[in-house]
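Read off the chains here:
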Amino acid sequence: MNRSRRLILTAAAVSALGITFSFSARVTGTARAAVGPVPPEALALPADSAVVMGFDVRALTGSQFYAKFGGEGEPGRVEALAEIERKTGLNPARDIDSVVVAVRPQTEDPKSAEPALDGVRRHRPENALVFVTGRFDAARLEASIPETGKASKERRDGVTIYREASGKSNGAVALLDAGILVAGDTASVDTFLANRASGRGIRDNAALVSLLESVEPGSTFWAVGGPSVLSRVTSEIGGPAANLPAIKQVVAYGHLDPEVGMTATAEAADAKSATKIADVLRGFSALLSLQAGQKAELAQIADSISVATEDDKVHVKATITHELIDSLKKSAGSHVRTHKGVAPDENEIQ
Amino acid sequence: MTSETLSLATRPLWPATKDVLLISIERMLPRPRSFWVFLLLSLPVAFGALLRIYPPPGLPLTGFELYGMVIALFFVRNLLPLVALLFGSALISDAVDSKTLTYFLTRPISRLSIFLGEFLAYLVTVLTLTVPCVVVTYLVLCAATPQGAGFGAPDLVQDLAACALTLFTYGAVFALLGVSLKRPLIPGLLFLFVWEGFVANFPGDAPNYTLTAYARSLIRHRPAEEGLAELFSKFFGVGESVLVLGFVGVVSLALAIWIFSRREYVISS
């Protein structure tokens with residue numbers, strides 16, 4: 001074999017090996033792998049998200065819980081899904097598989113801050129970016145969007161972007177591929193598309209990745225949050241919560257069948273703060289037990305909540321049976337009727 | 001000997017082209033010029049390795065974004081046209097200097113076969129030098145980053161195709177320059193750095209008349225332009241860019257073959 005052939009073969013072998021390695025990394029490696037419950041396609045969500053949460057909509061709408069309590073005015077009705085249905089016409093039970101919501105902390109702009117009416121300084125709403133996977137395409141989505149929500153359409157780099165046409169808001173919906181859409185304000189959607197092209201996103205935030213990876217696989221709903229939003233939440237709630245020590249981060253997840261179960265782990269600044277938070281939660285549970293005389297179900301709820309501490313972490317677990325939710329719903333209904341002065345069976349008679 | 005017997009004796013196009021290709025590769029590839037060009041093309045690999053070993057604090061770019069800058073600005077915009085100029089413009093003059101043209105012209109092969117064989121040898125040579133450098137640059141900059149080596153794998157393949165098309169088009173244009181002019185290097189450099197370097201960033205339709213505007217449009221993940229280039233840079237669709245570059249390449253190649261087949265070469269002994 002002469003020199004030129006050896007050179008050509010070496011160059012071809014190096015190139016083929018490199019390309020094969022890249023594609024094998026794409027198929028098996030980090031590029032394709034989901035981070036916790038966040039699907040690979042949603043990894044372009046902003047790295048500076050303060051809260052990331054999601055629903056497995058298929059599991060939710062297919063659950064016994066949703067069948068019992070998912071109707072209008074029922075406790076199991078998820079308003080976020082109802083909002084998606086109102087804006088896009090997509091039916092959650094039929095068209096949507098999963099929803100991931102990333103909330104970015106809004107940088108405070110002193111000029112545009114809302115005036116303090118009651119002495120409490122108000123913040124502008126956070127930027128929420130909603131990532132939806134399901135069974136829909138551009139034609140289906142355009143046909144589904146209600147007449148009142150008609151939008152201008154733009155095609156860019158293979159992505160169809162619908163922008164709110166009336167000028168009342170700066171909302172945008174980007175249809176990435178058949179079955180994947182991203183909705184939010186224009187800047188957030190543009191950030192997502194830029195991240196998608198450059199490979200940036202959630203993976204760049206190691207702390208957020210670590211929180212997401214601690215979510216139990218198969219959870220129907222989940223949420224993780226960092227300090228920037230949580231500290232604001234506790235300071236704005238007021239009352240006893242305002243005196244709670246600052247929470248650094250929270251991971252919460254749960255399921256709906258055969259009973260509603262939720263697990264949350266909050267990390268405080270130190271062990272002392274964690275104990276204080278646990279004491280407040282135990283006090284809340286004790287208050288529920290004290291009211292058991294008026295409502296027997298409250299004692300069952302109090303019994304279902306367990307609070308434990310581990311160094312600077314507080315673990316909270318709650319399990320509520322469907323029967324308990326049903327009886328709470330009935331007693332709440334009778335409470336409303338008593339206040340309105342309506343006889344228990346009057347509705348049925350009419 | 002009649003013209004009829006001469007034409008019968010001429011070898012068929014492809015076997016003759018293949019013979020010219022194999023002989024010309026031996027002349028082009030294992031040469032000092034190829035070695036220096038390879039060193040130049042390997043610069044991003046060394047730069048990427050340094051960056052990975054000593055990462056500057058707070059670097060606002062991911063590995064894939066850096067790779068995008070290297071492929072768009074270093075390879076496609078500057079180095080590959082220069083490589084095409086060095087090899088393409090010397091396609092026939094090198095064959096004259098090394099006396100291989102004397103050998104080919106005295107054999108029963110058509111001038112079309114000679115030119116096609118020489119041009120294919122040019123393509124094999126420059127691709128042998130370029131493709132491993134692009135692939136290794138990608139791996140050095142992207143492997144073991146948060147995005148991973150797999151993230152841009154489809155873009156890597158597209159970039160290699162873009163590099164190949166860039167080398168084909170510029171190579172054909174400079175081969176035309178090489179067979180048309182006695183000293184093609186200076187006009188070639190002026191074309192690259194004055195016409196292609198400036199006009200591609202002019203406002204209006206001026207970029208339509210440059211090759212670099214179409215070549216850079218093939219890099220899907222190109223970095224954002226800055227300054228005046230950001231205001232005026234024009235980008236085209238991938239299909240349009242491939243069509244234009246392919247058309248210019250084929251037309252230049254056809255013209256170069258036409259000129260070469262009619263030109264008389266005086267071979268000194």
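Here goes a summary of the coordinates provided. Just so it is clear, the structure is predicted and the values come from calculations on it, not from any experiment.

Our focus in this paragraph is the overall build of chain A. Secondary structure summary: chain A contains 13 helices and twelve strands in total. Residues counted as buried form 38% of the 350 residues belonging to chain A. Of the roughly 18,900 Å² that chain A leaves accessible, carbon and sulfur atoms contribute 56%.

All right, on to the overall build of chain B then. Across its full length, chain B carries 13 helices and zero strands. Ordered by position in the sequence, the α and β elements of chain B form the string α-α-α-α-α-α-α-α-α-α-α-α-α. Within the span of chain B, comprising 269 residues, buried residues form 49% of the whole. For chain B, restricting intrachain contacts to residue pairs at least 6 apart in sequence, the fraction spanning at least 24 positions comes to 79%.

Turning next to the nonpolar core. All names here are of chain B. Within the largest apolar cluster, 72 residues are counted, with the highest numbers of intra-cluster contacts made by Leu41, Tyr67, Phe115, Phe119 and Tyr122. Among the elements that take part in this core, helix α8 (residues 111-142) stands out by supplying 15 residues, more than any other. If near-sequence neighbours (up to four positions away) are discounted, phenylalanine 119 is found in contact with Leu91, Phe168, Gly171, Ala172 and Leu253.

Residue and element names in this part refer to chain B. One pass over the full model with this rule turns up twelve aromatic pairs over all chains. Seen from their ring centres, phenylalanine 35 and tryptophan 36 are 5.3 Å apart, and the 70 degrees between their planes marks the pair as edge-to-face. With a relative accessible area of 47%, phenylalanine 35 lands in the partly exposed category. Taking relative accessible area as the criterion, tryptophan 36 reaches 57% and is therefore assigned exposed. Look at tyrosine 214 and phenylalanine 236: their rings are 4.2 Å apart centre to centre, the planes differ by 15 degrees, and that puts the pair in the stacked class.

Moving on, we get to the packing of helix α9 (residues 153-180) of chain B against helix α13 (residues 238-262) of chain B. All names here are of chain B. Direction vectors running N to C along α9 and α13 enclose 25 degrees, while the axes themselves pass 8 Å from each other. Relative to α13, α9 is oriented roughly parallel. At the point where α9 passes α13, the crossing takes the left-handed sense. Facing α9, whose interface residues are Leu165, Phe168, Thr169, Ala172, Val173, Ala175, Leu176, Val179 and Ser180, α13 presents Val242, Leu245, Gly246, Val248, Gly249, Val250, Ser252, Leu253, Leu255, Ala256, Ile259 and Phe260. Considering only residue class, the contact of α9 with α13 consists of 16 nonpolar, five polar and no charged.

Attention now moves to the side chain of serine 63 of chain A. Here serine 63 of chain A shows up in the loop between α2 (57-61) and α3 (64-69). Once residues within four sequence positions are removed from consideration, serine 63 of chain A is found in contact with Leu256 and Asp257 of chain A.

Turning next to the interface of chain A and chain B. Contacts between the two partners involve 25 residues from chain A and, on the opposite side, 30 residues from chain B. At the boundary of chain A with chain B, the tally comes to zero salt bridges. Our count for the chain A to chain B interface comes out at two residue pairs in polar contact (both at pLDDT 80 or more). When contributions to the side of chain A that touches chain B are tallied by element, the ones reaching two or more residues are α1 (3-28) and α7 (186-198) of chain A. Of all the elements, α1 of chain A adds the most residues to the side of chain A that touches chain B, at 15 residues.

Below, the discussion takes up a nonpolar patch on the surface. All names here are of chain B. A surface patch of nonpolar side chains, amounting to about 820 Å² of accessible area, comprises Leu86, Leu185, Ile186, Leu189, Leu190, Phe193, Val194, Phe198 and Phe202. Residue contributions to the nonpolar patch peak at seven residues, all from helix α10 (residues 185-199). Take phenylalanine 193: it is sitting in helix α10.

Residue and element names in this part refer to chain A. Of the pairings in the sheet, the one linking strand β10 (residues 260-268) to strand β12 (residues 313-320) comprises eight bridges and is antiparallel in character. From the neighbouring strand, glutamate 267 faces β12, where its bridge partner is lysine 313. Bridge analysis of strand β11 (residues 305-310) against β12 gives six bridges, and the strand direction is antiparallel. Considered in β12, the bridge of threonine 309 is made with valine 314. Between the end of β11 and the start of β12, which pair antiparallel, lie two residues, with aspartate 311 showing a positive phi angle near 55 degrees.

Residue and element names in this part refer to chain A. In this structure, aspartate 311 takes a positive phi of about 55 degrees despite not being glycine. Within the secondary structure, aspartate 311 sits in the loop between β11 and β12. Among the residues examined, aspartate 311 registers a relative accessible area of 61% and is labelled exposed.

Okay, the pairing of strand β6 (residues 171-177) of chain A next. All names here are of chain A. Counting buried residues along β6, five of its seven residues qualify, which places the element largely inside the surrounding structure. Direction of pairing for β6 relative to strand β7 (residues 180-185): antiparallel, over a ladder of six bridges. Note that in β7 the partner of valine 173 across the bridge is alanine 183.

Conventions adopted
- Residues numbered from 1 in each chain as written.
- Chains lettered and ligands numbered in written order.
- Predicted model: local features only at pLDDT ≥ 70, side-chain atom pairs only at ≥ 80, totals over all residues.
- Heavy atoms only, no water.
- Helix = DSSP H or I, 4+ residues; strand = E, 2+ residues; numbered from the N terminus.
- Buried < 20%, exposed > 50% of the residue type's maximum accessible area, 1.4 Å probe, protein only.
- Areas by Shrake-Rupley, 256 points an atom, 1.4 Å probe, with all protein chains shown as cover.
- Contact = heavy atoms within 4.5 Å.
- Core = buried A, V, L, I, M, F, W, Y, C linked by side-chain atoms within 4.5 Å.
- Phe/Tyr/Trp six-rings, centres within 6.5 Å; stacked < 30°, edge-to-face > 60°.
- Axes fitted to C-alpha atoms, helices over the stretch in contact; angles between N-to-C directions.
- Parallel < 35°, antiparallel > 145°, perpendicular 65-115°, else oblique.
- Left-handed = near helix turned anticlockwise from the far one by under 90°.
- Nonpolar A, V, L, I, M, F, W, Y, C, P; charged D, E, K, R; others polar.
- Salt bridge = Lys/Arg side-chain N within 4 Å of Asp/Glu carboxyl O.
- Polar contact = N/O pair within 3.5 Å; in protein donor to acceptor, adjacent residues only side chain to side chain.
- Patch = residues over 30% accessible without salt bridge, like charges linked within 9 Å, V, L, I, M, F, W, Y side chains within 5 Å.
- Pairing = 2+ DSSP bridges.

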